[in-house]
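Spelled out, the chains give:
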Amino acid sequence: MNATIIFVLLLALMLTGMPISISLGLTVLGFLFTMTTVPIESVALKLFTGIEKFEIMAIPFFILAGNFLTHGGVARRMINFATSMVGHWHGGLALAGVMACALFAAVSGSSPATVVAIGSIIMPAMVKQGYPKGFGAGVVTTSGALGILIPPSIVMVMYSVSTNTSVGQLFMAGVIPGLLLAFLLGLTTWFLARKHNYPRMPKSSWGERWMAFRKSAWGLLLIVIVMGGIYSGMFTPTEAAAVAAVYAFVVAVFVYKDMGLKKVPKVLLDSAAMSAMLLYIITNAMLFSFLMTSENIPQAMAGWILDKGFGVISFLLVCNVLLLLAGNVMEPSSIVLIMAPILFPVAMKLGIDPVHFGIIMVVNMEVGMCHPPVGLNLYVASGITKMGITELTIAVMPWLMTMLGFLFLITYVPIISTWLPQLIYK
């Protein structure tokens, strides 16, 4: 009964158009003060202890690193390198877009940042070469979603905070699925380009490829620093985020010199604003999680699912449907912070690997970012391409179908996610 009241109240507040973070906070306060005898001090305490986790510090640092890289010419050099490698195949420039998104995802941690950085450069070039606008938009919107699967990933940090799963293991777990999804999106792009005979570019010589690689090397080195540092145990994911932010600043301002020192305060302010928004969502989601736990809702749900005889296969299917539906009305951070504390205990009782379950959630978030009504990537791509959301939704459909097939594969073949972390963290 209490669970019904909580979710009806949350849904009612969200339907008024209120931001999700405020809806969460008001739901908790409204329920606690009218239906329970929980002292007000415990709410204040939970607000502070909820974000008193070392892992959360990684979020503002990764956002800052991503912003420096977006403004600092790294994306353009990555596109040039990708184009020199795959530009001569069918749909060469589109394939370069997929490859550049995968490379940029490995340094930014954010999907919208990847769409903006790569899309704003590669979209005009594709239109100029004679590609249909919808094709280019479909490539960039869906490939940009790699930003939250290929580590480092802000959404993975959120899952880690919600479930106390190792961030390092989650980052390692995202490597193989991320590369596999990039390959599948590239394959879809190549197939469509070949079918419609879209333009190809002249083949680059090895000398030109080496030159493009050298120019993009400073950006690509960040991948080595972040992942190598975490792999080797030299620093934690949070420390890696801080190193990434400082390195991105040095590369953008002093190495590539695409960004003057005058622009730095604006980048810092933008990053602070985005970090504050995410931290506010996290704080309220932690309160919501506290309420759910105090009312024994996850435990009751776990008991109900086990009593109904749900096995691993049917439970994961239900999870995917739930998360895809949630992706229709909420953005990834909110979904992870609300759903993870509810679904995670059930997954543990059924013996599902916590790291594998995290990757399933992240892939669901990726799909949600590419379809309406709240797909963040769609809105970002709409701003870049000046296309309507309906038009964009039709354009992304072939890649979206690929992503759904990939979700099914990731859900029921856990070794794709768990092999690398198990190898490294033995």
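As a reminder, the structure under discussion sits directly above these lines.
In this numbering scheme, every chain counts its residues from 1 along its sequence in written order. At least 70 in pLDDT is required for a residue's local features to be given in this predicted model, at least 80 for side-chain atom pairs to be given and counted, and no such filter applies to totals for whole chains, interfaces and linings, which use all residues. To obtain the side-chain values, all non-hydrogen atoms of the structure were included, while hydrogens and water were left out.

**Student:** Help me understand the overall build of the protein chain, please; the structure alone is not making it clear to me.
**Tutor:** The secondary structure content of the protein chain amounts to 20 helices and zero strands. Throughout, radius of gyration means the C-alpha value; the globule benchmark is 2.2 Å times the number of residues raised to the power 0.38. Expected size for 426 residues packed as a compact globule is a radius of gyration near 22 Å; at 22 Å, the protein chain falls within 12% of this value. In terms of its C-alpha atoms, the protein chain occupies a principal-axis envelope of roughly 70 × 45 × 45 Å. Each residue is assigned to one of three classes by its accessible area relative to the maximum for its type, calculated with a 1.4 Å probe on protein chains only: buried under 20%, partly exposed between the two thresholds, exposed over 50%. The burial tally for the protein chain puts 55% of its 426 residues in the buried class. Working rule for contacts: check all heavy atoms of both residues, and any pair within 4.5 Å makes them a contact. Across the protein chain, every contact between residues at least 6 apart in sequence was considered, and the portion connecting residues at least 24 apart equals 79%. As displayed, the protein chain has an accessible area near 17600 Å², and 72% of this comes from carbon and sulfur atoms. Lys and Arg are tallied as positive, Asp and Glu as negative. Neither His nor the chain termini are counted. Positions of charges follow a simple convention, taking NZ of Lys, CZ of Arg, CG of Asp or CD of Glu. Charge separation in the protein chain, taken as the distance between the mean sites of 21 positive and 13 negative side-chain charges, equals 18 Å. Where helices and strands are cited, they refer to DSSP runs of H or I of at least four residues and of E of at least two residues respectively, numbered from the N terminus. Reported accessibility uses the Shrake-Rupley method at a 1.4 Å probe radius. Residues are deemed covered only where the shown protein chains occlude them.

**Student:** Please clarify how the state of the cysteines should be interpreted in this entry.
**Tutor:** By definition, a disulfide is the covalent link that joins the sulfur atoms of two cysteine residues. We call a pair of cysteine sulfur atoms a disulfide when they lie within 2.5 Å. Applying the stated criterion to the full structure yields zero disulfides. Free cysteine Cys101: the closest other cysteine sulfur is in Cys370, separated by 10 Å.

**Student:** What am I meant to see in the packing of aromatic side chains here?
**Tutor:** We describe a pair of aromatic rings using the distance from one ring centre to the other and the angle between the two ring planes. Aromatic pairs are defined between Phe, Tyr and Trp rings, using the six-membered ring for Trp, whenever the two ring centres lie within 6.5 Å; interplanar angles under 30 degrees are classed as stacked, those over 60 as edge-to-face, and all others as tilted. Under the defined criterion, the tally for this structure stands at 13 aromatic pairs. A connected cluster of aromatic rings, assembled from ring pairs, spans Tyr131, Phe135, Tyr198 and Trp399. Here, a charge over a ring is recorded when the distance from Lys NZ or Arg CZ to the ring centre is within 6 Å and its angle to the ring normal is within 35 degrees. Across from the ring centre of Tyr256, 3.8 Å away, lies the NZ or CZ of Arg77, which sits over that ring. Sitting over the ring of Trp206, Arg209 keeps its end group 4.5 Å from the ring centre.

**Student:** I'm lost on the packing of helix 9 (residues 154-163) against helix 10 (residues 167-196) in this one. Help?
**Tutor:** Orientation is described by lines fitted to C-alpha atoms, with helices fitted over the stretch in contact, and by angles between N-to-C directions that extend from 0 to 180 degrees. Contact geometry of helix 9 with helix 10 gives a least axis separation of 9 Å together with a crossing angle of 140°. By the angle between their directions, the pair helix 9 and helix 10 is classed as oblique. Every pair of crossing elements has a handedness; the one defined by helix 9 and helix 10 is right-handed. Listed contacts from helix 10 to Met156, Val157, Tyr159 and Ser160 of helix 9 are Val167, Leu170, Phe171 and Gly174. Polar here means any residue outside two lists: the nonpolar Ala, Val, Leu, Ile, Met, Phe, Trp, Tyr, Cys and Pro, and the charged Asp, Glu, Lys and Arg; Gly therefore counts as polar. Taken together, the residues that form the contact of helix 9 with helix 10 break down as six nonpolar, two polar and no charged. Convention used here: angles under 35 degrees read as roughly parallel, angles over 145 as roughly antiparallel, angles from 65 to 115 as roughly perpendicular, and any remaining angle as oblique. Crossings are classed by handedness, with left-handed meaning an anticlockwise turn of the near helix from the far one by less than a right angle and right-handed meaning a clockwise turn.

**Student:** What am I meant to see in helix 1 (residues 2-15) here?
**Tutor:** Think of an α-helix as turning once every 3.6 residues; residues three or four places apart then point the same way. In this analysis, the expected span of each helix is defined as 1.5 Å times one less than the number of residues it contains. For helix 1, which comprises 14 residues, the first-to-last C-alpha distance of 20 Å matches the rise-based estimate of 20 Å (1.5 Å per residue) to within 8%. Looking at helix 1, one finds that the buried residues are Ile6, Leu10, Leu13 and Met14. Down the axis of helix 1, the buried set is contained in an arc of 100°. They therefore lie on one face. Away from the buried face of helix 1 by more than 90 degrees, exposed residues Val8 and Leu15 are located. The elements touched by buried residues of helix 1 are helix 2 (20-35), helix 13 (264-294) and helix 14 (297-307). Throughout, the arc means the angular range of directions from the helix axis out to the C-beta atoms.

**Student:** Before we go on, may I ask you to explain the pattern of salt bridges in this structure?
**Tutor:** What makes a salt bridge here is a side-chain nitrogen of Lys or Arg within 4 Å of a carboxyl oxygen of Asp or Glu, nothing more. Evaluated as defined, the whole model comprises three salt bridges. A salt bridge links Asp258 to Arg76; the shortest N-O distance between them is 3.8 Å. With Asp258 in the loop between helix 12 (237-255) and helix 13 and Arg76 in helix 5 (residues 74-86), the pair connects residues that are 182 residues apart, well separated along the chain. In this structure Asp258 comes out as partly exposed when scored by relative accessible area, which is 28%. Between Arg77 and Asp258 there is a salt bridge; the shortest N-O distance is 2.6 Å. Of the two residues, Arg77 is situated in helix 5 and Asp258 in the loop between helix 12 and helix 13; the sequence distance between them amounts to 181 residues. A single network of salt bridges, built from pairs that share partners, joins Arg76, Arg77 and Asp258.

**Student:** Sorry, what's going on with the nonpolar core here?
**Tutor:** Buried together is how nonpolar side chains tend to be arranged in soluble globular proteins. Counting residues in hydrophobic clusters, the biggest one holds 149 residues, and the most contacted among them are Phe135, Phe171, Phe315 and Phe357. Residue contributions to this core peak at 13 residues, all from helix 6 (residues 92-108). Dropping the residues within four chain positions of it, Phe357 is found in contact with Tyr159, Phe315, Leu316, Cys319, Leu343, Phe344, Ala347 and Ile352. We define a nonpolar core as any set of buried Ala, Val, Leu, Ile, Met, Phe, Trp, Tyr and Cys residues linked to one another through side-chain atoms lying within 4.5 Å.

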